[in-house]
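As a plain string of letters, each chain reads:
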Amino acid sequence: MKHSGLQEEMSAKTLWVERVVYGLTLIVLLLAISFPAEARKIFYFACGLAGIGWALDRKRPDSGAFFLLAALASFALYRIVYAVMDAGTFFPEIDALQVYLSTSSRFLMGLLLIGYLSTRRSPFHERWFQALCITLILSLVITAGHEFFFQQERVERNPWATLFSYEAVAVGFAYLGLQLTRQINERKHWGLLAGVGLLTLGIILWTETRSALFCFFIGGALLLLLSERARKWKVLGAASLLMAVVLVGSYPYLIKPRLTEAYTDITQYVSGENRATSIGTRFELWRGSVMVLKQAPWGGGYWKRAEIIGEAVEQQRLDSVALHYSQVNMHNELLEELSLRGVVSGVLLLLVYFAAIALGWRARPRNLALLGVVFAYIFSGLTDVLFFSREATVLFIALLAVLIRSSPRQSEA
């Protein structure tokens, strides 16, 4: 009894730490996409403070959260060990060692943030839920205005436009999942939900990112179908109609040119006329990844991967574009891990995804927001490598941290 009373007293004394950590994480979400440098500094401070608070509280996460933390830690540590072992073999054009050590360090620091907030339940009342929703909306508004509003052509926009579209989908799904789980029936609620959906779709269309567009529609439909709403078919129908109107209106100007380009890319690739297009390059990189995996199943590192792909290029089994882009990444999250660090790293990546999905699925009610974010990163990872981006990693960790205990029914209890 005395021990329990001491724990409660200590928890009360450190409540301010909990509130500050959560508030700082919301600021990270607000800045992560458009102001990554500022968000990174706040992220590290929030993680450090979370570590102090966790050490004072000495609370253990439940089994689901612990599984996720263990998977993230294993994935990050393996990447660090392999990056150090592979040091000295990187191409001079990029500082790959710095990239992979930086992303891995963000994972490790993020463990403190996720772990600490996973053990805390008291601050997630209505005001925190509203603050989280407002933060997510503002993040999308800032992204749309700051990055894309004044640039009329895709080539004139920020070179990370594609990455921003993926991040916008993740933030949009977080908001959609929160509101669907909350099951509010007011018209203003559905009006705001439609507005956020259209804003997310607008960012995707403005960046002309084909993969993000498919991700948005498929993931949004899945979240609606997984929700427990009695009127979900009506909601799904209304949402589909609204999105259809937007697509029809934007088709001649934004969608048709990109679909035509995709058709041309595939046609030229199949005919052998040009394999160095946007889609053709990805096909070549994926084929090269499989070649590397067959010859170096435990990982070849940058040097071995480049050697294998270089030989394939010399033998005309691959286009030379594959050698150029393989110096950066393989444009597929799983194939990047398999070709660079081998089967172990690929399994650990899948374990991270599985742990996050299991945590969201087993929650009662299901944590649709968490499921939506993980889906966005998995789907985006089919054609790009998000964990090569240090800032996309920060956003992923911050979203996991605030959503891991974000069930609205828990907050309203």
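Residues numbered from 1 in each chain as written. Predicted model: local features only at pLDDT ≥ 70, side-chain atom pairs only at ≥ 80, totals over all residues. Heavy atoms only, no water.

Looking at the overall build of the protein chain
Okay, so step 1: When helices and strands are counted, the protein chain shows 17 helices and 0 strands.
Okay, so step 2: The proportion of buried residues among the 413 residues of the protein chain is 54%.
Okay, so step 3: Summarising the internal contacts of the protein chain: among those between residues at least 6 apart in sequence, 78% fall at separations of at least 24.
Okay, so step 4: Summing over all exposed atoms, the protein chain offers an accessible surface of approximately 18,800 Å²; the carbon and sulfur share of this is 66%. (Helix = DSSP H or I, 4+ residues; strand = E, 2+ residues; numbered from the N terminus. Buried < 20%, exposed > 50% of the residue type's maximum accessible area, 1.4 Å probe, protein only. Contact = heavy atoms within 4.5 Å. Areas by Shrake-Rupley, 256 points an atom, 1.4 Å probe, with all protein chains shown as cover.)

Concerning the pattern of salt bridges
Okay, so step 1: Taken as a whole, this structure holds 6 salt bridges when the rule is applied.
Okay, so step 2: The salt bridge partner of D384 is R282, with a shortest N-O separation of 3.3 Å. A residue pair is termed long-range when its members are at least 10 positions apart, and D384 in the loop between α15 (368-380) and α16 (390-403) and R282 in helix α11 (residues 278-295) qualify at 102 residues. One exposure class covers both D384 and R282, and it is buried.
Okay, so step 3: R341 is the salt-bridge partner of E337, the closest N and O atoms lying 3.0 Å from each other. One end of the pair is E337 and the other is R341, both in helix α14 (residues 333-362) and 4 residues apart, which spans about a single turn. (Salt bridge = Lys/Arg side-chain N within 4 Å of Asp/Glu carboxyl O.)

Here's the deal with helix α3 (residues 36-57)
In an α-helix, one full turn covers 3.6 residues, which means residues spaced three or four apart are oriented alike.
Okay, so step 1: With 22 residues, α3 should reach 32 Å at 1.5 Å per residue; the first-to-last C-alpha distance of 31 Å fits that figure.
Okay, so step 2: Considered for burial, the residues of α3 that qualify are A39, F43, A46, C47, L49, A50, G51, G53 and D57.
Okay, so step 3: Directly beyond the C-terminal end of α3, a positive phi value near 60 degrees is found at R58. (Expected span 1.5 Å × (residues − 1).)

A few points about the packing of helix α9 (residues 210-226) against α15
Okay, so step 1: Following both chains from N to C, one finds α9 and α15 inclined at 155 degrees, their axes separated by 10 Å at the closest point. One element, α9, and the other, α15, form an angle in the roughly antiparallel class. The two elements α9 and α15 meet at a crossing, and its hand is right-handed. Counting all contacts with α9, which are made through S211, F214, C215, I218, G219, L222, L223 and L226, the residues of α15 involved are L368, L371, G372, F375, A376 and F379.
Okay, so step 2: When the residues that make up the contact of α9 with α15 are grouped by side-chain class, the tally is 11 nonpolar, 3 polar and no charged. (Axes fitted to C-alpha atoms, helices over the stretch in contact; angles between N-to-C directions. Parallel < 35°, antiparallel > 145°, perpendicular 65-115°, else oblique. Left-handed = near helix turned anticlockwise from the far one by under 90°. Nonpolar A, V, L, I, M, F, W, Y, C, P; charged D, E, K, R; others polar.)

A look at a nonpolar patch on the surface
Okay, so step 1: On the surface, F214, I218, L222 and L225 cluster together into a nonpolar patch covering about 350 Å² of accessible area.
Okay, so step 2: Relative to the elements of secondary structure, F214 occurs in helix α9. (Patch = residues over 30% accessible without salt bridge, like charges linked within 9 Å, V, L, I, M, F, W, Y side chains within 5 Å.)

Let's talk about the environment of L348
Okay, so step 1: Note that L348 resides in helix α14.
Okay, so step 2: A sequence separation of 275 residues divides L348 from A73, and the C-alpha atoms of the two residues are 9.6 Å apart.
Okay, so step 3: Once residues lying within four places of it in the same chain are set aside, the contact partners of L348 are S74, F75 and Y78.

A word on unusual backbone geometry
Okay, so step 1: The step from R364 to P365 runs through a cis peptide bond, and the omega angle for that step is 0 degrees.
Okay, so step 2: Residue position: P365 is located in the loop between α14 and α15.
Okay, so step 3: Of note, the phi angle at R58 is positive, near 60 degrees, even though the residue is not glycine.
Okay, so step 4: Within the element layout of this structure, R58 appears in the loop between α3 and α4 (63-85).
Okay, so step 5: Even without glycine at this site, H331 takes up a positive phi of about 55 degrees.
Okay, so step 6: With respect to the secondary-structure elements, H331 resides in the loop between α13 (320-325) and α14.
Okay, so step 7: The exposure class of H331 is buried, given its relative accessible area of 14%.

Re helix α2 (residues 15-31)
Okay, so step 1: In this model, α2 (17 residues) spans 25 Å end to end at C-alpha, consistent with the 24 Å of a helix rising 1.5 Å per residue.
Okay, so step 2: Taken together, the buried positions of α2 are V17, E18, V21, Y22, L24, T25, L26, V28, L29 and L31.

Some points on the nonpolar core
Nonpolar side chains tend toward joint burial in soluble globular proteins.
Okay, so step 1: Core analysis: the largest hydrophobic core is formed by 93 residues, its most contacted members being L29, L113, L132, L136, Y377, L399 and L403.
Okay, so step 2: No other element matches the 13 residues that helix α7 (residues 161-182) contributes to this core.
Okay, so step 3: In terms of nonpolar packing, the next biggest core, distinct from the first, is built from 10 residues, V292, V313, A322 and M330 among them. (Core = buried A, V, L, I, M, F, W, Y, C linked by side-chain atoms within 4.5 Å.)

Structural notes on the environment of P257
Okay, so step 1: Looking at where P257 falls in the secondary structure, it is placed in helix α10 (residues 232-271).
Okay, so step 2: Distance in space between the C-alpha atoms of P257 and E208 is 9.1 Å, their sequence separation being 49 residues.

Details of the packing of helix α12 (residues 301-314) against α14
Okay, so step 1: One can describe the packing of α12 onto α14 by two numbers: an axis separation of 8 Å at closest approach and a directional angle of 105 degrees. The angle between α12 and α14 places the two elements in the roughly perpendicular class. Taking contact as the criterion, the partners of G301, Y302 and R305 in α12 are, on α14, E336, S339 and L340.
Okay, so step 2: Class assignment of the residues belonging to the contact of α12 with α14 gives a composition of 2 nonpolar, 2 polar and 2 charged.

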